[in-house]
Amino acid sequence: MKFYRITEMMLWAAMLCGTISCHKESLKNIDSEMSEQRPETVELSFNFSMAPVELERRTVAEKSAVREEEGDVSSLMYAIFKNDRMVWYQEIDLSDKAIHTGKSYSVLNLKSEFFDNTTQIFALANMNDTQLKNQLMNEKDISKWKDCTYNVKLNEIAGKSDSRVVDNPVMAGYLSLNDGVTDKISIKMERIYCRIWFSFVWQNHKNSDCVIIDEIKISGLNQQSRLFNNRRYVWEDNVVEIKEDMVIKNEDTNQYPFIGSLTQYPYYSGSNTNPKLELVEQQNEDHNVLCRFTWKGGNMVKTSPPVRYYVYSLQKGGINIEHDPLIEVKYHYTHKDYGVLYKKATARLYDKSSNFGKKHHGLLRNYTYRLNCIVNTTTNTMELQVLSVPWYEIVINDIPSFE
């Protein structure tokens, strides 16, 4: 009886040990498979957004110029958070790398332990605000990164730059890895601002030789924005904003805006005088863009092609039509029968009626909004056509209604 019980116990122990041994072996196999799937190191690629592919009628040279415009990248900083705690931070000098939009930069051999489905990555390019950089570098609280705001007067910066554009645009990228980790992670870097430019066209021109644009006003721009888009909806990324209006006046002696050509000389009518916001009947149809010349040594360079007169705004969230910027154009002309007529046209940058219309309210970062102003001197009106173009490709073509 005792022998039977001992034998039974030995058999039970043997069976138990065998089960444990098999279970351990099973765990080992699972761990082995997981380690084979998990990358030892991770490559982090920062892709700097391209400029828009312009209308097909544009030349290859023009397309290339637009792609490279406002696209130089001289520095990069990024932080990796895991479980809401900063695990890695790095600043990289790219001034000798010739990086610009359309290119990417990769960081190799980052530790795989930094990455899981709780990882969030924040990146900034061309951030020259030393105070803000130091603040972020020493900030371990992820909420401070998510809510970090940036205040900048881009129109003032571009107006004082010799190039008359934003030379080193601040770009931002944010990525959450809640869908999992691969050995190659790509982050899209976007300019944190948008820009607006104008072209003008005659329609049914019979009763006047020229039209003078007295003033172009854009109301409801924004000069403060959250740096990172990490909310579900755009308007949640811009709870706090500082509103800004931009006014472009005829014969402004600081900027000398004019209606002209970006490529064909003479670039504006009456080239022996200072340029004006003037639409002349005899001008070539390519002389229709709101331009300004670049500067050098404190002087306007009238012998080189001008640049588009961009109006800048940081991202602006919106949920209704009142959140869309208002464009107001004041102009006058001399009618052959009725003398001088003064007119004003207004429109919002939004149109829900067009199939390819601007479906978003407010302003999206990394977008260029082209406004085609169509002057009709027969009906004494001006229509406004908006081409809303992300820096990647043309998506929207709409005509907003006048108010």
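All of the points below concern the structure found in this document. (Residues numbered from 1 in each chain as written. Predicted model: local features only at pLDDT ≥ 70, side-chain atom pairs only at ≥ 80, totals over all residues. Heavy atoms only, no water.)

So, on to the overall build of the chain. For the chain, the helix and strand inventory stands at five helices and 26 strands. Residues counted as buried form 49% of the 403 residues belonging to the chain. Partitioning the contacts of the chain with sequence separation of at least 6, the portion at a separation of at least 24 is 71%. Of the accessible surface of the chain, which amounts to about 20,800 Å², a share of 50% is contributed by carbon and sulfur atoms. (Helix = DSSP H or I, 4+ residues; strand = E, 2+ residues; numbered from the N terminus. Buried < 20%, exposed > 50% of the residue type's maximum accessible area, 1.4 Å probe, protein only. Contact = heavy atoms within 4.5 Å. Areas by Shrake-Rupley, 256 points an atom, 1.4 Å probe, with all protein chains shown as cover.)

Bringing the pattern of salt bridges into the picture now. Enumeration over the complete set of coordinates arrives at eight salt bridges. Notably, a salt bridge pairs Glu 91 with Lys 133, separated by 3.5 Å at the nearest N-O pair. You can see Glu 91 sitting in strand β4 (residues 85-93) and its partner Lys 133 sitting in helix α3 (residues 130-137), a full 42 residues away along the chain. For Arg 226, the salt bridge goes to Asp 147, with nearest N and O atoms at 3.7 Å. (Salt bridge = Lys/Arg side-chain N within 4 Å of Asp/Glu carboxyl O.)

Next up on the list: unusual backbone geometry. Omega for the peptide link from Tyr 265 to Pro 266 comes to -5°, which places this bond in the cis form. Turning to its location among the elements, Pro 266 is positioned in the loop between β15 (258-260) and β16 (278-280). Here Arg 164, not a glycine, exhibits a phi torsion of approximately 60°, which is positive. Its place among the elements puts Arg 164 in the loop between α5 (154-160) and β9 (171-176). The class for Arg 164 is buried, based on a relative accessible area of 5%.

An order of β4-β3-β7-β9-β10-β1-β6 is seen for the seven strands of this open sheet, with the pairing classed as mixed. Unpaired on one side and paired on the other, β4 and β6 (104-111) mark the two borders of the sheet. Taking each pair of neighbouring strands and ignoring which way they run, the sheet shows an average axis angle of 20°. Relative to β9, strand β7 (residues 120-125) runs antiparallel, the two sharing six bridges. Residue pairing for β9: Ile 121 is matched across the bridge by Leu 175. The strands touched by α3 within the sheet are β3 (75-82), β4 and β7, with β4 carrying the most contacts at an inclination of about 145°. (Pairing = 2+ DSSP bridges. Axes fitted to C-alpha atoms, helices over the stretch in contact; angles between N-to-C directions.)

Time to look at the packing of aromatic side chains. Tallying each qualifying case throughout the model produces 18 aromatic pairs. On the basis of an interplanar angle of 80° and a centroid distance of 5.6 Å, the ring pair of Phe 81 and Phe 122 is categorised as edge-to-face. Here the residue Phe 81 occupies a position in strand β3, and Phe 122 occupies one in strand β7, the gap between them amounting to 41 residues. Both rings, one in Phe 122 and one in Tyr 174, keep their centres 5.0 Å apart while their planes meet at 55°; by these two values the pair is tilted. (Phe/Tyr/Trp six-rings, centres within 6.5 Å; stacked < 30°, edge-to-face > 60°.)

We now examine the nonpolar core. Counting 39 residues, the largest nonpolar core has Leu 124, Met 127, Trp 145, Tyr 150, Leu 227 and Tyr 312 as its most contacted members. Top contributing element to this core by residue count: β3, with three residues. (Core = buried A, V, L, I, M, F, W, Y, C linked by side-chain atoms within 4.5 Å.)

Along the chain, the position of Asn 372 falls in strand β24 (residues 367-376). Owing to a relative accessible area of 8%, Asn 372 belongs among the buried residues under this scheme. Of note is the side chain of Asn 372, whose polar atom sits 2.5 Å from the side chain of Ser 199. Separated by 2.8 Å, the side chains of Asn 372 and Arg 370 make a polar contact. (Polar contact = N/O pair within 3.5 Å; in protein donor to acceptor, adjacent residues only side chain to side chain.)

On strand β17 (residues 289-292), burial covers both faces: Val 289 and Cys 291 on one face and Leu 290 and Arg 292 on the other are all buried. Looking at chain direction, β15 and β17 are connected through three bridges and run antiparallel. In the strand pairing of β17, Phe 258 is matched with Cys 291. Bridging between β17 and strand β20 (residues 307-308) involves two bridges; their strand directions are antiparallel. When the bridges of β20 are listed, Arg 292 appears paired with Val 307.

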